[in-house]
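Architecture at a glance
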Amino acid sequence: GAGVSQSPSNKVTEKGKDVELRCDPISGHTALYWYRQSLGQGLEFLIYFQGNSAPDKSGLPSDRFSAERTGGSVSTLTIQRTQQEDSAVYLCASSYARDIYEQYFGPGTRLTVT
Amino acid sequence: GDSVTQMEGPVTLSEEAFLTINCTYTATGYPSLFWYVQYPGEGLQLLLKATKADDKGSNKGFEATYRKETTSFHLEKGSVQVSDSAVYFCALSRMDTGRRALTFGSGTRLQVQP
């Protein structure tokens with residue numbers, strides 16, 4: 001079946017602009033996670049959704065970052081007023097609620113802020 | 001807070017050599033432990049997992065044993081192949097506290113030469 005998909009695959013934006021990154025989880029997966037992978041910080045957790053609610057937002061680095069999930073499916077991560085330090089690969093993962101051990105990752109969105 | 005430490009890479013081996021990638025963790029309670037692999041140009045994939053002390057996870061010839069007394073989860077393979085060249089990430093999650101986000105190590109790049 002289809003895996004986790006993310007769009008766009010690459011995004012180049014100017015400092016100060018807002019960006020939206022999209023994640024389409026595996027059908028039937030109620031849990032959804034956002035991470036980012038950068039050279040300096042490695043792989044970091046950002047936010048976790050169970051259905052449409054986000055019980056764990058502890059990894060969001062600042063109030064410029066927000067995320068929402070609608071219909072228990074697609075999620076959008078929004079970064080406002082982007083900064084150069086936001087450049088990273090943003091990864092989305094999903095899992096079944098009952099199978100709490102395996103997270104399936106998408107290919108990521110590479111964000112470059114110039 | 002929780003953390004994962006992996007040996008730095010790259011690790012360069014000849015085909016059929018024995019592989020060990022060290023991983024140690026810091027966490028209170030009873031974390032679940034994982035190895036994820038990222039092949040060139042692909043997304044993160046779960047390689048193996050262990051959810052309690054003394055459990056051995058295994059997949060594709062790779063093994064790792066959850067050692068609570070040494071807080072370790074070293075990855076081993078008896079005979080590596082060129083196709084095993086990838087970046088390997090050790091990770092933990094705190095299912096015991098309900099925190100499902102993965103905490104990753106910095107990753108270890110493995111290069112296998114023919």
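The rules behind these values
- Residues numbered from 1 in each chain as written.
- Chains lettered and ligands numbered in written order.
- Predicted model: local features only at pLDDT ≥ 70, side-chain atom pairs only at ≥ 80, totals over all residues.
- Heavy atoms only, no water.
- Helix = DSSP H or I, 4+ residues; strand = E, 2+ residues; numbered from the N terminus.
- Rg over C-alpha atoms; globule rule 2.2 N^0.38 Å.
- Buried < 20%, exposed > 50% of the residue type's maximum accessible area, 1.4 Å probe, protein only.
- Contact = heavy atoms within 4.5 Å.
- Areas by Shrake-Rupley, 256 points an atom, 1.4 Å probe, with all protein chains shown as cover.
- Lys, Arg positive; Asp, Glu negative; His and termini not counted.
- Charge placed at Lys NZ, Arg CZ, Asp CG, Glu CD.
- Polar contact = N/O pair within 3.5 Å; in protein donor to acceptor, adjacent residues only side chain to side chain.
- Nonpolar A, V, L, I, M, F, W, Y, C, P; charged D, E, K, R; others polar.
- Pairing = 2+ DSSP bridges.
- Axes fitted to C-alpha atoms, helices over the stretch in contact; angles between N-to-C directions.

Each helix and strand counted, chain A has zero helices and eleven strands in total. When the helices and strands of chain A are placed in sequence order, the string is β-β-β-β-β-β-β-β-β-β-β. For chain A, whose C-alpha radius of gyration is 13 Å, the value lies close to the compact-globule estimate of 13 Å for 114 residues. Overall size of chain A, expressed as C-alpha extent along the three principal axes, is 40 × 25 × 25 Å. Expressed as a percentage of its 114 residues, the buried residues of chain A come to 45%. Restricting the contact set of chain A to residue pairs at least 6 apart, pairs at least 24 apart contribute 54%. When the accessible surface of chain A is totalled, it reaches about 5,500 Å², and 45% of it is carbon and sulfur. Distance from the positive charge centre (11 side chains) to the negative charge centre (12 side chains) of chain A: 3 Å.

Across the contact, 16 residues belong to chain B and 20 residues belong to chain A. Where chain B meets chain A, there are three residue pairs in polar contact (both at pLDDT 80 or more). Secondary structure elements with two or more residues in the side of chain B that touches chain A: β5 (32-38), β6 (44-50) and β11 (99-104) of chain B. Among the elements that line the side of chain B that touches chain A, the one with the most residues is β11 of chain B, at five residues. Here the side of chain B that touches chain A is built from residues that sort into nine nonpolar, four polar and three charged.

All right, on to the side chain of R94 of chain B then. All names here are of chain B. In this fold, R94 is placed in strand β10 (residues 86-94). Among the polar contacts made by the side chain of R94, one reaches the side chain of D2 at a distance of 3.4 Å. From its side chain, R94 meets the backbone oxygen of T28 in a polar contact 2.8 Å long. The contacts of R94, once residues within four sequence positions are left out, are D2, A27, T28, G29, Y30, P31 and R99.

Attention now moves to the sheet that holds strand β8 (residues 75-79) of chain A. Residue and element names in this part refer to chain A. Pairing is antiparallel across the open sheet formed by four strands, whose spatial order is β1-β3-β8-β7. At either margin of the open sheet sits one strand with a lone partner, and together these are β1 (5-7) and β7 (65-69). For this sheet, the mean angle separating the axes of adjacent strands, direction not counted, is 15 degrees. Bridge count between β1 and strand β3 (residues 19-24): three bridges; the pairing is antiparallel.

Turning our eyes to something else, we now look at the sheet that holds strand β7 (residues 56-59) of chain B. All names here are of chain B. Here we have four strands laid out as an open sheet, ordered β3-β9-β8-β7, and antiparallel in their pairing. Looking at which strands have only one partner, the edges of the open sheet turn out to be β3 (19-21) and β7. Each neighbouring strand pair of the sheet contributes to a mean axis angle of 15 degrees, computed without reference to strand direction. Relative to strand β9 (residues 75-77), β3 is paired through three bridges, and the arrangement is antiparallel. Across the sheet, L19 pairs through a bridge with K77, a residue of β9.

Following S7 of chain A, the chain continues into P8 of chain A via a peptide bond in cis, with omega recorded as -10 degrees. Within the fold, P8 of chain A resides in the loop between β1 and β2 (10-13). Going from G9 of chain B to P10 of chain B, the amide bond is cis rather than trans, its omega being 0 degrees. Looking at where P10 of chain B falls in the secondary structure, it is placed in the loop between β1 (3-6) and β2 (11-14). The phi torsion at D54 of chain B lies on the positive side, around 75 degrees, for a residue other than glycine.

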